2 protein chains.
Amino acid sequence: MESIQQYMQAVGADARAASKKIAAATVASRNAALIAIKDAIARNREMLLKANREDLERGLVSGLDAPLMDRLELNNERIDGLLASLEQVANLPDPVGAIDGVRTMDSGIRVGKMRVPLGVIGIVYESRPNVTIEAAALCLKSGNAAILRGGSEAISSNRALDRCITEGLEQVGLPTAVVQVVDTTDRAAVGELIAMPEFVDIVIPRGGKGLIERIARDARVPVLKHLDGICHVFIDADADPEKALAIAVNAKTQRYGTCNTMETLLVDAAATALLPSIATAISDKGVELRGCERTRQIVPSITIEAAEEDWQTEYLAPILSVRIVDGIDAAMAHIDQYSSGHTESIVTENYSTAMRFMREVDSSSVMVNASTRFADGFEYGLGAEIGISTDKLHARGPVGLEGLTSCKYVVFGDGHIRQ
Amino acid sequence: MESIQQYMQAVGADARAASKKIAAATVASRNAALIAIKDAIARNREMLLKANREDLERGLVSGLDAPLMDRLELNNERIDGLLASLEQVANLPDPVGAIDGVRTMDSGIRVGKMRVPLGVIGIVYESRPNVTIEAAALCLKSGNAAILRGGSEAISSNRALDRCITEGLEQVGLPTAVVQVVDTTDRAAVGELIAMPEFVDIVIPRGGKGLIERIARDARVPVLKHLDGICHVFIDADADPEKALAIAVNAKTQRYGTCNTMETLLVDAAATALLPSIATAISDKGVELRGCERTRQIVPSITIEAAEEDWQTEYLAPILSVRIVDGIDAAMAHIDQYSSGHTESIVTENYSTAMRFMREVDSSSVMVNASTRFADGFEYGLGAEIGISTDKLHARGPVGLEGLTSCKYVVFGDGHIRQ
């Protein structure tokens, strides 16, 4: 029997070969493949539900917790969601082949940049089988080959989805290796996937912090990673009280488990008059407040002291830490020290303060007078999102189809030689 | 005495702190620093020449070869070149702070992207002390802090240049840690530099293949690397004979030691009538030709057989391998197998063939009817070049100031909250 290493090497070599075919495929055939996969899923709905039930039963036996069981489930509504998302990705503009910025140089050559696929994209994710289709669709649309490595708890669902993808690719005459689902639950497969630079151009881990840190540490290929979202809202001395209240409440309470939710509220010492009503509004939604000493003096109902650890924590829960700071410099110093570089927002009517915050805060999204909850590929008009990058290189912030492409220089000459 | 690790950690921490100052500095002060460094170099010319003589004398004693000794030398002409390049970088447009593509979303928020510095850039290079100034200038202009690690053979020159940089930074009131020259010849310093993701955002190695491969393998920070330049020119069946001759001769013989020099000439079997005159012209320049079997039948004066190894070799010398291929598919298959992904050019008058080559060849520069020698930051109008990336992520091809920056999303709201 072949080893995991041999298996993954074969997967990698097949993906590399298929990546050249899909890169050269027309957008019409890539879109046709997406629709063919959609039709295959619709046709095989019962088979998919049955496969998913196997995963769910296995999950029950092995004692998966409720949130994990929820993420693992494929029901009719979620399958409808997959069908809609395939249709939607097919309708997005082609991210590949655009040539931008062509200029004529003094030498006479004309130089521009052409957007091209990255090649082979590895995606490592956890329980949600939906990701199998969403990631496959985005890679396929952007002309890349994909190697998908889902969680072992979803192996039956992922195998069933893989059959639908294969049917769709075959139907339009594209190589089935354009999308490969790794067909083993052996964890060593991930170790191999992230160590094949000859076959894999980038790995995108989606999942818990432990998974992502491990992959970032061990990878020998580039990794597009999304670590924590410790997001801040800073209420400046010149904040509009109504906007401050609306944004603080929305940034914390619109959803608790998302990476763009505010985890720490910073309030200028000159704006503390706004704090009691904001604290009450957020607390009334059932959020536990933890305050610095000055915060608790101003809002005595906040009884829990925010410890050093609170500033460093992505709660992903109805908990908010609150700190009073002396001016924008102190606010930016706190952000610089504790932010994960995801999203920060300032509430202010002062033009110069707003511009300074926007310029100097080093996060993937920096906002003025808007809720951090807007940091999202769909809200930014990307049409789709494969993840949110907290890295600075290549792609930063919400990553859509363009983040799955690269640019090469193209030169149009007419017999030009260099002098 | 502190260890190398302690020393490099301190350098890294100082660079990180300085990176925040330089990122927030105005373009006027960054340009003023460049001119102040220029003035310091002009003032200290004798000191620089003396320091360089120490390196040259040490090089002679340790038996450095002639090309290395040449690269190591700083003479009056080269110092004039440094002064001119500082002036030129100061005159380039500011790459930082531009906001592009602001659009209003359905929600009412306005979203765009702002160009920002990367942070701290580590540069590892070999003998040429010029790089100390060129790299410092590009990092400074783009609002980044730099940690420069030159070759041990140039340590006296680099220390002297560092004093000029420090004088210039002090004069305009910027932290001297904006540019730090690593002041040790201990090789362990490189190992530390590439393993401090908390302090270093990207490392750019410039030098031999061995150095770059070692850094790419061991780095725990992103690496912008430039490996070989095995560049191809393909003379298509529909090539214009005059353009084919001019481009083939120029691509091989205009300079031999550069990474954008052609190393293999591919000729369509239907275009071999052009081969004898091209072979003669290149051979007359003193280039050794090595041909595949069919090439040698058509041009019997080519007596050396091109072996498998030739297709894999970046000669950087007056040697050219020549292969006859059957059509564009065979040409692209050869390029796919042997190219280093740097630069390839097709000579053809056929529109569809040209478009296909441009679309499907996966190299950082793809050209039609132009010499590969044009693949260069200055020829592409970038104004400056820190290197040529053969990677696909972040920056590909010639890397100018823009490659030393990143983009963050900026959101302009007016109290907007997410529904």
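Residues numbered from 1 in each chain as written. Chains lettered and ligands numbered in written order. Predicted model: local features only at pLDDT ≥ 70, side-chain atom pairs only at ≥ 80, totals over all residues.

Engineer: In this structure, what is going on with the pairing of strand β11 (residues 319-325) of chain B? I would like to understand it.
Structural biologist: Look at any regular strand and the pattern is simple: side chains alternate between the two faces of the sheet. Residues and elements named next belong to chain B. A large share of β11 lies buried, amounting to 6 of its 7 residues. One ladder, built from 5 bridges, connects strand β8 (residues 262-268) with β11; its direction is parallel. Across the sheet, the residue bridging to valine 267 is isoleucine 324, located in β11. Note: strand β9 (residues 288-291) against β11, 4 bridges, orientation parallel. Bridge pairing links arginine 290 to serine 321 in β11. (Buried ≥ 20, exposed ≤ 12 C-beta atoms within 10 Å, placed from the backbone. Helix = DSSP H or I, 4+ residues; strand = E, 2+ residues; numbered from the N terminus. Pairing = 2+ DSSP bridges.)

Engineer: Would you take a moment to explain the confidence of the model for chain A for this structure?
Structural biologist: Predicted coordinates in regions of low pLDDT should not be interpreted in detail. Overall, the prediction assigns chain A a mean pLDDT of 95, with 100% of residues at 70 or greater. As scored by the predictor, the complex reaches a pTM of 0.91 and an ipTM of 0.92. (pLDDT = per-residue confidence, 0-100.)

Engineer: Which parts of the structure should I look at to understand the relation of the copies chain B and chain A?
Structural biologist: Think of it as a corkscrew move, a rotation about one axis and a shift along it, taking one chain copy to the other. Expressed as a screw transformation, the operator carrying chain B onto chain A has a rotation angle of 180 degrees and an axial translation of 0.0 Å, and the superposed copies differ by an RMSD of 0.1 Å. Considering both components of the superposition, the chain copies are consistent with a two-fold axis. Identified as the residue of chain B closest to the rotation axis by C-alpha distance is histidine 394 of chain B, at 1.8 Å. Mapped onto chain A, 100% of the interface residues of chain B again fall at the interface, so both copies present the same surface. (Least-squares fit on C-alpha atoms with pLDDT ≥ 70 in both. Contact = placed C-beta atoms within 7 Å.)

Engineer: What should I look at first to understand the pairing of strand β6 (residues 202-206) of chain A in this one?
Structural biologist: Counting buried residues along β6 of chain A, 5 of its 5 residues qualify, which places the element largely inside the surrounding structure. Residues Ile202, Ile204 and Arg206 of chain A point to one face of β6 of chain A and Val203 and Pro205 of chain A to the other, with burial holding for every one of them.

Engineer: Help me understand the interface of chain B and chain A, please; the structure alone is not making it clear to me.
Structural biologist: The extent of an interface is frequently quoted as the accessible surface area lost upon association of the parts. Facing 54 residues of chain B, the contacting portion of chain A comprises 54 residues. Of all the secondary structure elements, the ones that give two or more residues to the side of chain B that touches chain A are α10 (241-253), α15 (351-360), β13 (365-370) and β16 (405-416) of chain B. Sort the elements by how many residues they give to the side of chain B that touches chain A and β16 of chain B lands first, with 11 residues. In terms of residue class, the side of chain B that touches chain A is built from 23 nonpolar, 17 polar and 14 charged. Looking at chain direction, strand β13 (residues 365-370) of chain A and β16 of chain B are connected through 5 bridges and run parallel. Opposite valine 368 of chain A, over in β16 of chain B, you have phenylalanine 412 of chain B as the bridge partner. (Nonpolar A, V, L, I, M, F, W, Y, C, P; charged D, E, K, R; others polar.)

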